Amino acid sequence: MGYSSRNNRRPFEGASKSSHQHIINDPEVIKLMDRIYKPIKDQCVNVNDLTINFEPLIKNPIEYIVAVDGGYAETILDKDFPSRTLHFMQFGALFFEKKELDSLNASPFIAPEDMAKLKNIERLKLALPTKNVCFKDQPNLKSTVLTAIYEFFKTSTLDEGTTLIDTLAWFIFRKYKSPNQRIESDENYDLTTNPHSPDRNPVTLSMKSMDTDFTFSCPETGGRIYLTDVFRLHEIIEEESGAGGIIGYLTNVIEHLIIIHIIRHLLNSQPDMLKRVFFIKDGSAGFFGQTARLHKPMLDLVTWILDKHNIFLSALEKSGAFVEHAQAIQPILSNGNAVILTDEYIYQYILPRPEDPTRPYASTSNYGHKVIFKTRRGQMHVLSIPSRGLKKTPLPEDLPNLQVILANVEALHCDMYDSALFPVALVNKLVSLSAHPSQRILQKFASQSIS
């Protein structure tokens with residue numbers, strides 16, 4: 001890398017214009033290039049064996065829509081210390097009746113008061129120190145970040161009677177089951193690394209030993225382990241490089257917990273309503289990185305609800321390899337068709353790595369299967385639909401409520417963006433933080449508040 005001029009006293013050192021020849025002519029580099037494998041060209045894709053026809057519903061059971069999304073912005077605290085940063089995060093759960101959207105579609109003109117009906121949104125906000133800053137009452141950045149996340153979960157309620165951290169305990173320890181249904185493993189959670197252990201030893205968190213503030217006593221140091229430490233974000237927080245690497249994982253976890261929180265509330269107050277609500281999550285149906293182990297309790301919860309009640313839930317992917325592949329095969333896929341992706345298809349056409357013969361694709365992180373859907377109007381969508389368990393070759397019957405979900409995805413289409421759904425586009429507008437002016441305003445707010 002070249003040198004930059006920090007004080008404008010010396011000239012900028014640009015990169016060499018001829019050094020590339022040493023890479024191009026290097027025999028080891030040439031050997032490596034020969035070993036690289038690329039998936040088959042999209043023009044050669046065969047989707048016929050995996051394609052199912054979309055069947056329009058005679059009667060749509062969905063009456064309500066819940067869409068969840070989150071956004072964040074990095075803020076530099078001081079121009080003289082650009083490595084000192086905060087992240088401001090905002091999450092929203094948008095709720096509206098489907099008939100309200102249907103009436104807007106039938107109206108020649110949308111009045112502002114009509115749009116206001118669709119903006120019934122609950123917001124959650126979090127300010128998270130991420131580099132070279134910490135709380136006054138905490139010894140370092142890691143303790144600051146873990147405390148901030150714990151306090152956020154402990155105080156956030158979405159205007160319900162319970163907090164997100166109470167819902168996290170309900171989720172982790174399978175409290176939705178009756179006491180005689182729970183097994184011993186349901187009431188214990190094996191945390192791979194103890195955040196207080198100098199040697200990063202594992203620790204088991206028992207529901208019976210959890211205090212009323214949702215903390216546990218560390219067996220090694222006597223410190224307090226937060227229930228939110230099950231996210232294992234402490235493993236990737238570094239005092240020098242910061243905590244910026246946790247933001248994507250944390251965003252995904254909070255979006256999931258908001259959905260779980262709403263599901264819990266409905267189970268406690270109106271369980272029959274679960275059969276009439278369509279939950280839409282922005283992103284994929286899975287947990288990733290340090291949070292990946294949470295996919296197992298999510299799979300257990302989805303299976304239990306499908307067995308006892310019913311649930312209509314789908315994650316909508318807007319970017320990534322699967323979305324790019326969907327756009328590439330759009331010309332060869334007929335309108336009103338859906339492709340249920342199998343392991344063989346994924347590893348042959350999308351991901352350049354060999355198929356694992358012992359377990360399904362993403363079985364350590366996902367709790368649903370991916371479907372590429374081309375609506376009758378030609379819009380392309382990549383969906384992740386929860387199932388009772390992952391299979392290498394899923395069939396339509398392995399994806400509960402598939403046709404209902406496809407029908408509502410088609411009905412909720414939005415022409416503002418590619419592959420967009422109206423609820424997701426709207427909630428994104430209501431919670432996302434733009435580079436300008438939001439980021440600049442947040443920077444001034446942070447600098448003035450701290451000073």
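Up top is the structure.
Since the structure is predicted, the reported quantities are computational estimates derived from the model, not experimental observations.

> Describe the pattern of salt bridges, listing the residues and the values that go with them.
In total, this model carries 20 salt bridges according to the counting rule given. For aspartate 166, the salt bridge is made with arginine 264, and the minimal N-O distance between the two is 2.8 Å. Placement of the pair is aspartate 166 in helix H6 (residues 164–172) and arginine 264 in helix H7 (residues 247–269), with a sequence separation of 98 residues. The partner of arginine 174 in a salt bridge is aspartate 186, with the nearest N and O atoms 3.9 Å apart. You can see arginine 174 sitting in the loop between H6 and strand S5 (188–191) and its partner aspartate 186 sitting in the loop between H6 and S5, a full 12 residues away along the chain. For aspartate 186, a relative accessible area of 4% translates into the label buried. Via salt bridges that share partners, Arg174, Lys177, Asp186, Lys296 and Asp300 belong to a single interconnected network.

> I'd like a description of empty space enclosed by the protein, backed by residues and values.
Within this structure, the stated rule accounts for three cavities of 30 Å³ or more. Along its surface, the largest cavity is lined by Leu341, Thr342, Asp343, Ile346, Tyr361, Asn366, Gly368, His369, Lys370, Leu390 and Lys391. Listing elements by their share of the lining of the largest cavity, those giving two or more residues are helix H10 (343–350) and strand S12 (368–374). Looking at which element gives the most residues to the lining of the largest cavity, the answer is S12, with three residues. Grouping the amino acids of the lining of the largest cavity by side-chain chemistry returns four nonpolar, four polar and three charged. In this model, the second largest cavity occupies a volume close to 50 Å³. If you trace the second largest cavity, you find it lined by Val302, Leu306, Ile311, Phe312, Leu313, Ile385, Pro386, Pro400, Asn401 and Ile405.

Criteria and cut-off values
Residues numbered from 1 in each chain as written. Predicted model: local features only at pLDDT ≥ 70, side-chain atom pairs only at ≥ 80, totals over all residues. Heavy atoms only, no water. Salt bridge = Lys/Arg side-chain N within 4 Å of Asp/Glu carboxyl O. Helix = DSSP H or I, 4+ residues; strand = E, 2+ residues; numbered from the N terminus. Buried < 20%, exposed > 50% of the residue type's maximum accessible area, 1.4 Å probe, protein only. 1 Å grid on protein atoms, 1.4 Å probe; cavity = no way out; pocket = protein on both sides within 12 Å on 5 of 7 lines; lining within 4 Å. Points joined across faces, edges and corners; volume = space filled by probe spheres on them. Nonpolar A, V, L, I, M, F, W, Y, C, P; charged D, E, K, R; others polar.

Just geometry here; none of it tells us what the structure is for.
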